[in-house]
Amino acid sequence: QVQLVQSGAEVKKPGASVKVSCKASGYTFSGYYIHWVRQAPGQGLEWMGWINPKSGGTRYAQKFQGWVTMTRDTSISTAYMELNNLKSDDTAVYYCARDPYDILTGYDYWGQGTLVTVSS
Amino acid sequence: QSVLTQPPSVSAAPGQKVTISCSASSSEIGNNYVSWYQQFPGTAPKLIIYDNNKRPSGIPDRFSGSKSGTSATLGITGLQTGDEAVYYCATWHNGLNTGVFGGGTKLTVL
């Protein structure tokens, strides 16, 4: 069965970086884009960007350009999202989700979410 | 402010029907497909409608979707208490070249 399993919760200090992983199983990893979406406490969903596991190509929301990096390791079917220079308002649950396209057409599988807490 | 506007909350009685609107602020969403997600507290969102009006396997036909121009609508009939959740619409914004979500609508089944 299709699964996206994310790494565990993180606590970081302001200015630090965090790297969240998303391990895919049950399907051909290169066949679907991995999109990243975050949700601050009590807030809505915010699209961050995607990575094409086949080519490694990426697209980021303008807000995150320059301080987010999405990568993948095809040998272990895992995508990564690294966010730098963390601020307190980056405290959120970060989700990975798959889509067959590079535009948001429908995320049929999501990771369980990774809570990143930024606090001094 | 979200590019996609949803009502913050809707409510209806068990067994009734409810609709949730999702309106784009510009025509930049063009002909892109709208998807809808259901989210319970503490869990990841779940896809309930994609390509404007298609239901994934396992989603009951009580859930329906439609799109006209720059607006989309989620319909839920035969409301059950288990439908109480937050519902989000989403699509691709051509101008911003990003995915966009509505602000979410909390459904209360009275």
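Residues numbered from 1 in each chain as written. Chains lettered and ligands numbered in written order. Predicted model: local features only at pLDDT ≥ 70, side-chain atom pairs only at ≥ 80, totals over all residues. Heavy atoms only, no water.

### Some details on the pairing of strand 8 (residues 78-83) of chain A
Residue and element names in this part refer to chain A.
(1) Moving on: When you tally the buried positions in strand 8, you get five out of six residues, the bulk of the element.
(2) Moving on: The pairing of strand 3 (residues 18-25) with strand 8 spans six bridges and is classified as antiparallel. Within the sheet, the bridge partner assigned to Ser21 lies in strand 8 and is Tyr80.
(3) Moving on: One ladder, built from six bridges, connects strand 7 (residues 68-73) with strand 8; its direction is antiparallel. Residue pairing in the sheet places Thr71 in a bridge with Tyr80 of strand 8.
(4) Moving on: Counted along the chain from strand 7 to the antiparallel partner strand 8, the turn is four residues long, and its residue Ser77 has a positive phi close to 50°. (Buried < 20%, exposed > 50% of the residue type's maximum accessible area, 1.4 Å probe, protein only. Helix = DSSP H or I, 4+ residues; strand = E, 2+ residues; numbered from the N terminus. Pairing = 2+ DSSP bridges.)

### A look at the packing of aromatic side chains
(1) Moving on: In the structure shown here, the tally under the stated rule is nine aromatic pairs over all chains.
(2) Moving on: Residues A:Tyr27 and A:Tyr32 carry aromatic rings whose centres are separated by 5.2 Å and whose planes lie at 85° to one another, so their mutual orientation is edge-to-face.
(3) Moving on: Look at A:Tyr27 and you get buried, because its relative accessible area is 16%.
(4) Moving on: Measuring from ring centre to ring centre gives 5.2 Å for A:Trp47 and B:Trp92, while their planes differ by 90°; the resulting arrangement is edge-to-face. Of this pair, A:Trp47 sits in strand 5 (residues 45-51) while B:Trp92 is found in strand 8 (residues 85-93), placing the two residues in two different chains. An identical accessibility class is assigned to A:Trp47 and B:Trp92; each is buried.
(5) Moving on: Among the aromatic residues, those joined into a ring-pair cluster are A:Tyr95, A:Tyr107, A:Trp110, B:Tyr37 and B:Phe101.
(6) Moving on: Of note, A:Lys19 hangs over the ring of A:Tyr80, and the distance from its end group to the ring centre comes to 4.9 Å.
(7) Moving on: Directly above the aromatic system of A:Trp67 lies the positively charged group of A:Lys87, at a separation of 4.8 Å from the ring centroid. (Phe/Tyr/Trp six-rings, centres within 6.5 Å; stacked < 30°, edge-to-face > 60°. Lys NZ or Arg CZ within 6 Å of the ring centre and 35° of its normal.)

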